[in-house]
Amino acid sequence: MKIRIIFFCLLLGIAQLTMAQHFRAGAAMRIITPDPLLSVSGGIGTPKKSIQKNGELSIRALVLEKGNVRVAIVNVDNLGWPAALGNKSRALIKGIPPENILIGATHTHSGPDAYGFPNEKGESFADLKYLDDCVKKIAEAVNEAVGKLEDASLKIAVGEAKGKIAYNYYADQLYDPRCGVIQAIATSGAKKGSAIATLVNYAIHPEVIGASRGILSPDLCGPLYDRIESQGGGVAVFMNGAQGGMVTADNRVEGGKEANDWNECRRIGELLADEALRIVKDAPVQENPALFCTARKIEFPVDSEIMRYILQKSPIKNEMAGENRIATQLNLLNIGTAQVLTIPGEALPNIGFYVKRYMNTKQPFLFGLTNDAFGYMLTKVDFNSFKRYEYVSRTSLGEMTGEIYMEQALKLVNDSPKP
């Protein structure tokens, strides 16, 4: 009898171990549209009073698990999401190491101020109560996604998104047309064969509507979410890419004008969603894929007077690494055959192309504005080199930001296993 009990316990242990090692995924979302509406912040300067909304701002969380590795990927419909806010959410999230929680901003230019931008008097107009509510909702969404974890497989693909979606405002063709897609699919239960979530990674400024019109909106990301979810893509997640200087939505129309309304947001968002679903449709299914996550602290000097002023006067206090130096977290993920690197700001497309070229995969993903949002990131040879780059240089931490990022990102690639 004892032998039978021992044998049964061994079988149960093996079954539990096998189950624990199986790849799992879960997703959840929360609406964060303020009620009543808050002023819109498109960057440095006094926010513009909101008079209406187009679509709903949201938080979207995708949690992945394999064995003892668990990772959360979160997008927030905002211009940027400083680490000081992200760390408050990380402290409320259960069952995931804080360094394995990646929080990125979609970079809509039609959301409330999350930076606490100070004016010339040092006054900030950020609504701290609203931001605290978002902090809690991020944690709620991730915790719910953990509770919904289920056996899953993956489909991963990277391909060129075709059509009138993005362009570089400074030089038309200097942008990355590649769109990366990760789709988690349920492999058991009532939802077997259905998508749990579809993550879209593409470099673009969601600024069709813009900050000056007093319209609160997720911009083109809202229609992208709706389109993917209406097509059975599960919870839609959008992670921006290397969209700096100045990769923006292609809303150009005849006569040198731009379309700046919700219909144009729908056109671009739905087209990007359709292209993402096309790109991933015929990708091979990856059963029980591997999952790896690592994080590393890196530091940047803060040479810009404007950026120093913002960091000193903002009520959103980020971690400093010393006088005029700031610390941030850099992540590398291997998800099946894909490799992901995070960018703590708006890297120019040449930085994105360079880093992708040396990543250990044919399916490179860059999550821009993730874990932090430090403004533009240029190479030292681009910094203040052209009149066209005056603005992006002025709103960068400094000349060495891009150089330090590239060096540290590729060092992390070399120090990590291949997908």
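Quick caveat, the model's predicted, so the values are computed rather than measured.

1. A short note on the overall build of the protein chain
No. 1: When its secondary structure is counted, the protein chain shows 9 helices and 22 strands.
No. 2: At 21 Å, the protein chain has a C-alpha radius of gyration in line with the 22 Å of a compact globule built from 419 residues.
No. 3: When the backbone C-alpha atoms are referred to their principal axes, the protein chain occupies close to 80 × 50 × 45 Å.
No. 4: The proportion of buried residues among the 419 residues of the protein chain is 58%.

2. Considering the environment of Ile279
No. 1: Here Ile279 lies in helix H5 (residues 262-281).
No. 2: Residues Ile279 and Ala25 lie 254 residues apart in sequence; the distance between their C-alpha atoms is 21 Å.
No. 3: The contact partners of Ile279, leaving out residues within four places of it in the chain, are Ala157, Val158, Gly159, Glu160, Ala161, Cys179 and Val181.

3. So, the environment of Val135
No. 1: Of note, Val135 is situated in helix H3 (residues 128-147).
No. 2: In this structure the C-alpha to C-alpha distance between Val135 and Ser89, which are 46 residues apart in sequence, comes to 5.1 Å.
No. 3: Residue contacts for Val135: discarding those within four places in its chain leaves Leu85, Lys88, Ser89 and Leu92.

4. Remarks on H3
No. 1: A rise of 1.5 Å per residue sets the reference length of H3, with its 20 residues, at 28 Å; its end C-alpha atoms lie 29 Å apart and thus fit the reference within 8%.
No. 2: All of the buried residues in H3 are Tyr130, Leu131, Cys134, Val135, Ile138, Ala139, Ala141, Val142, Ala145 and Val146.
No. 3: At the N-terminal end of H3, a side-chain oxygen is found 3.1 Å from the backbone nitrogen of Lys129, two or three residues along, and the residue is Asp127.

5. Observations concerning the pairing of strand E6 (residues 150-160)
No. 1: Sheet topology note: the strand E1 (residues 24-31)/E6 ladder contains 2 bridges and is antiparallel. Across the sheet, the residue bridging to Arg24 is Asp151, located in E6.
No. 2: Where E6 meets strand E8 (residues 178-186), 9 bridges bridge the pair, whose relative direction is antiparallel. Bridged to Ser153 within E8 is Ile185.
No. 3: Strand direction decides the pairing type here: E6 and strand E15 (residues 285-286), joined by 2 bridges, are antiparallel. Bridged to Leu154 within E15 is Gln286.

6. Considerations on the nonpolar core
No. 1: Counting residues in each nonpolar core, the largest one holds 66 residues, and the members touching the most others are Trp81, Phe300, Leu341, Val355 and Tyr405.
No. 2: The biggest single contributor to this core is H3, with 10 residues.
No. 3: Sequence-distant contacts of Trp81, defined by excluding residues within four places in its chain, comprise Val76, Gly86, Ile103, Ala105, Ala114, Leu131, Cys134, Ile138, Asn371, Asp372 and Ala373.

7. Focus: helix H9 (residues 401-415)
Residues lying three or four places apart along an α-helix face the same way, a consequence of the helix completing one turn every 3.6 residues.
No. 1: When the terminal C-alpha atoms of H9 are compared, their 21 Å separation across 15 residues agrees well with the 21 Å that a helix rising 1.5 Å per residue should span.
No. 2: All buried positions along H9 are accounted for by Thr401, Gly402, Ile404, Tyr405, Met406, Gln408, Ala409, Leu410, Leu412 and Val413.
No. 3: Looking at the packing, one finds that the buried side of H9 touches strand E16 (291-301), strand E18 (325-335), strand E19 (338-342), helix H7 (349-357), strand E21 (364-367) and strand E22 (376-377).

Rules used throughout
Residues numbered from 1 in each chain as written. Predicted model: local features only at pLDDT ≥ 70, side-chain atom pairs only at ≥ 80, totals over all residues. Heavy atoms only, no water. Helix = DSSP H or I, 4+ residues; strand = E, 2+ residues; numbered from the N terminus. Rg over C-alpha atoms; globule rule 2.2 N^0.38 Å. Buried < 20%, exposed > 50% of the residue type's maximum accessible area, 1.4 Å probe, protein only. Contact = heavy atoms within 4.5 Å. Expected span 1.5 Å × (residues − 1). Polar contact = N/O pair within 3.5 Å; in protein donor to acceptor, adjacent residues only side chain to side chain. Pairing = 2+ DSSP bridges. Core = buried A, V, L, I, M, F, W, Y, C linked by side-chain atoms within 4.5 Å.

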